[in-house]
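# Overview (structure and organization)
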Amino acid sequence: MTTAPLHRLSALAVRDAVARGEVRASDVAEDVLGRIHGLDSKVRAFLRLDEDGARASAKAVDAKVAAKKPLGRLAGVTVAVKDVLCTRGVETTCASKILRGFVPPYDAHVVERLRAEDAILVGKTNLDEFAMGSSTENSAFHVTANPWDLSRVPGGSSGGSAAAIAADFAHLALGTDTGGSIRQPAALCGMTGLKPTYGRVSRYGLIAFASSLDQIGPMTGDVRDAALLLSVIAGRDARDSTSQPAPVPDYLASIEDGVKGFRLGVPREYFPESIQPAVRDRVRDAIDVYERLGAEIVDVSLPHTDYGIAAYYIVATSEASSNLARYDGVQYGIRADGARSLVEMTSRTRTQGFGPEVTRRILLGTYCLSSGYYDAYYLKGLRIRTLLRRDFDSAFAKVDAILCPTSPIPAFKIGEKVSDPLSMYLCDVFSVTANLAGIPGISIPCGFTAERLPVGLQVLGKPLGEETILRVARAYERETDWHLQRPPLD
Ligand code: GLN
């Protein structure tokens, strides 16, 4: 039996200790809740805790253990859930004022899966409003700090989930990634984040930002835990017609098999002059590790990379303008007082309810979709999307996976980019391409800058190539101890 505090254990270790009867799920829940109470006033990763729910789930697990009933794959494991996923009976706001008071009558598909595997849901994490942003500063409620340096952002939009994992406030977390929102905060917080192939995980109960790009994925302390969580949440669900019917492998089965004989591509477009030197150097060091492990490193080109940001911000805002039309003051959340007509009520509600970034995107997207500009912007964005997918298809004809940085810069100071949306958008340069192409990607820690800020390595794979990228990521993780290092919080 281990002597590490329960919040420090991996999800796999907790699950096994609970199953063996060495640890009670209730003790796991109390330890984690105690840690959150002690330290989340500094980090502010959570919007809402569900302590009663967590204790009730833990008790149910302990009862199953006592009765020797079969246990789920996440028995006794604590999970933090991004507040863009519906949780029955627990307020879900997308960090937006417009959804204040919205208590979903149902669970998202992924939340159902967690519960079915005996996980303990501890609370809902902070994010940029409607998942629009790269720093979590666009939350309507509060800013989340990066546990490695409390004066810096945790990345975004899943910054609350990333900070919760980095601070050991949960063993596992769920994030969503439309243009990098799992991988970029994972990189900035020094933890693991996996965006699955589009359609690998059902989006039922995920409050939509851009439906053709959104994916839900694991945010974890290490690669094996990401494989475990993906095994639980992946698979076909009839309630999301874009969810793929492909069978779900056991992602842990081949994870230790190494990279000997693998061909790993390094795209030259992902190392521009503008990238921060420390990021470039750490990623290059990681590539050397792969070479030592017996992989063949291959230079590849993804020639349309430069157009990724422009295409993304057209497609994503267009879809968002349509998806967010449903917040009209009638069906969900808040309703503005004092209006004399339906139009005035809707307009006042939206003006009061949406923050500046969401408003900017609704305007941009509405413009791109308007009849005079549809061909010039939206259709062109879709064409670039096809070209990006072809870039990846031809690269993957030659290599098994691609290695590159996750983010061009490490965590920046809170407030540094809020008044300059374009510089915020540029943070996504290496992450949006995977969403536009629909391919999977994982970010894992690969070292630190001189200021001790984490740097992330991104591994991209073929459609449904999650097994391969997990195996590639794990091969590096086994050689290093970055994932075991902890921020100086206590
Ligand atoms: N940072 C990107 C944006 O602001 C990505 C967001 C996301 O993946 N949800 O749109």
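A brief look at the structure comes next. (Residues numbered from 1 in each chain as written. Predicted model: local features only at pLDDT ≥ 70, side-chain atom pairs only at ≥ 80, totals over all residues. Heavy atoms only, no water.)

## A look at the overall build of the chain
Looking only at helices and strands, the chain features 15 helices and 11 strands. By the compact-globule yardstick of 23 Å for 490 residues, the chain fits well, its C-alpha radius of gyration being 21 Å. When its C-alpha atoms are laid out on the principal axes, the chain stretches across 65 × 55 × 45 Å. Within the chain, the proportion of its 490 residues that are buried is 61%. Long-range contacts, defined here as pairs at least 24 residues apart, represent 76% of the contacts in the chain between residues at least 6 apart. When the accessible surface of the chain is split by element, carbon and sulfur atoms take 52% of a total near 18000 Å². (Helix = DSSP H or I, 4+ residues; strand = E, 2+ residues; numbered from the N terminus. Rg over C-alpha atoms; globule rule 2.2 N^0.38 Å. Buried < 20%, exposed > 50% of the residue type's maximum accessible area, 1.4 Å probe, protein only. Contact = heavy atoms within 4.5 Å. Areas by Shrake-Rupley, 256 points an atom, 1.4 Å probe, with all protein chains shown as cover.)

## A few points about the packing of aromatic side chains
Under the counting rule described, the total for this entry stands at 18 aromatic pairs. Judged by centre distance (5.9 Å) and plane angle (25°), the rings of Y290 and Y476 are stacked. Of this pair, Y290 sits in helix α8 (residues 277-292) while Y476 sits in helix α15 (residues 466-479), and the two are 186 residues apart along the sequence. On the accessibility criterion, Y476 (3% relative accessible area) is buried. (Phe/Tyr/Trp six-rings, centres within 6.5 Å; stacked < 30°, edge-to-face > 60°.)

## Focus: unusual backbone geometry
When glycine is set aside, most residues are seen to have a negative phi, and most peptide bonds are trans. Here the bond from G156 into S157 is cis, since omega is 10°, no more than 30 degrees from zero. Tracing the backbone shows S157 in the loop between β3 (120-125) and α5 (159-166). Of note, the phi angle at L464 is positive, near 60°, even though the residue is not glycine. Mapped onto the elements of the fold, L464 is located in the loop between β11 (454-460) and α15.

## Focus on the site of the ligand
Residues in contact with the ligand amount to 15 residues; listed here are only the nearest, T178, G179, S181, Y312 and R361. One nitrogen or oxygen atom from the main chain of G180 is found 3.3 Å from an oxygen atom belonging to the ligand. Separating an oxygen atom of the ligand from a side-chain N or O atom of Y313 is a distance of 3.3 Å. Expressed as a share of its isolated accessible area of 290 Å², the protein-covered part of the ligand is 99%. Partitioning the shell around the ligand into residue classes produces 5 nonpolar, 7 polar and 3 charged. (Near = heavy atom within 4 Å. Polar contact = N/O pair within 3.5 Å; in protein donor to acceptor, adjacent residues only side chain to side chain. Nonpolar A, V, L, I, M, F, W, Y, C, P; charged D, E, K, R; others polar.)

## Regarding the side chain of Q215
In this structure, Q215 sits in strand β6 (residues 215-220). For Q215, a relative accessible area of 0% puts it in the buried group. There is a polar contact of 3.2 Å between the side chain of Q215 and the backbone oxygen of V201.

## Observations regarding the nonpolar core
Counting 145 residues, the largest nonpolar core has V122, F130, Y290 and L470 as the members making the most contacts within it. In terms of nonpolar packing, the next biggest core, distinct from the first, is built from 7 residues, V153, F412, M424 and C427 among them. (Core = buried A, V, L, I, M, F, W, Y, C linked by side-chain atoms within 4.5 Å.)

## Considerations on the packing of helix α4 (residues 109-116) against helix α7 (residues 223-233)
Direction vectors running N to C along α4 and α7 enclose 110°, while the axes themselves pass 9 Å from each other. Put simply, α4 runs roughly perpendicular to α7. Touching H109, V110, R113 and L114 of α4 are L229, V232 and I233, all from α7. Class assignment of the residues belonging to the contact of α4 with α7 gives a composition of 5 nonpolar, 1 polar and 1 charged. (Axes fitted to C-alpha atoms, helices over the stretch in contact; angles between N-to-C directions. Parallel < 35°, antiparallel > 145°, perpendicular 65-115°, else oblique.)

## Details of the pairing of β6
Most of β6 is tucked away: 6 of the 6 residues are buried. Relative to β6, strand β4 (residues 172-177) runs antiparallel, the two sharing 6 bridges. Across the sheet, the residue bridging to T176 is I216, located in β6. Across 2 bridges, strand β5 (residues 192-195) lies against β6 in antiparallel orientation. The partner of T192 across the bridge, within β6, is T220. (Pairing = 2+ DSSP bridges.)

## Considering the packing of helix α9 (residues 308-323) against helix α12 (residues 374-396)
Contact geometry for α9 and α12: axes closest at 9 Å, N-to-C directions at 125°. Relative to α12, the element α9 lies oblique. Of the two possible hands of crossing, α9 and α12 adopt the one that is left-handed. Residue-level contacts link G308, A311, I314, V315, S318 and E319 of α9 to Y377, Y378, G381, L382, I384, R385 and L388 of α12. For the contact of α9 with α12, the residue count by class is 8 nonpolar, 3 polar and 2 charged. (Left-handed = near helix turned anticlockwise from the far one by under 90°.)

## Quick look at the pattern of salt bridges
By the definition in use, this model includes 33 salt bridges. Measuring nitrogen to oxygen at the nearest pair gives 2.8 Å for the salt bridge that ties R35 to D490. Separated by 455 residues along the polypeptide, R35 in helix α2 (residues 25-43) and D490 in the segment after α15 bring together distant segments of the chain. A residue is classified by how much of its surface remains accessible, and R35, at 11% relative accessible area, is buried. Taking the relative accessible area as the measure of exposure, D490 reaches 72% and is therefore exposed. The partner of D240 in a salt bridge is R203, and the shortest N-O contact between them spans 3.6 Å. With a gap of 37 residues between them, D240 in the loop between α7 and β7 (263-267) and R203 in the loop between β5 and β6 connect regions that are remote in the sequence. Pair check on accessibility: D240 and R203 agree, each one buried. Shared partners join several salt bridges into a network, and the residues in it are R224, E256, R474, E477 and R478. (Salt bridge = Lys/Arg side-chain N within 4 Å of Asp/Glu carboxyl O.)

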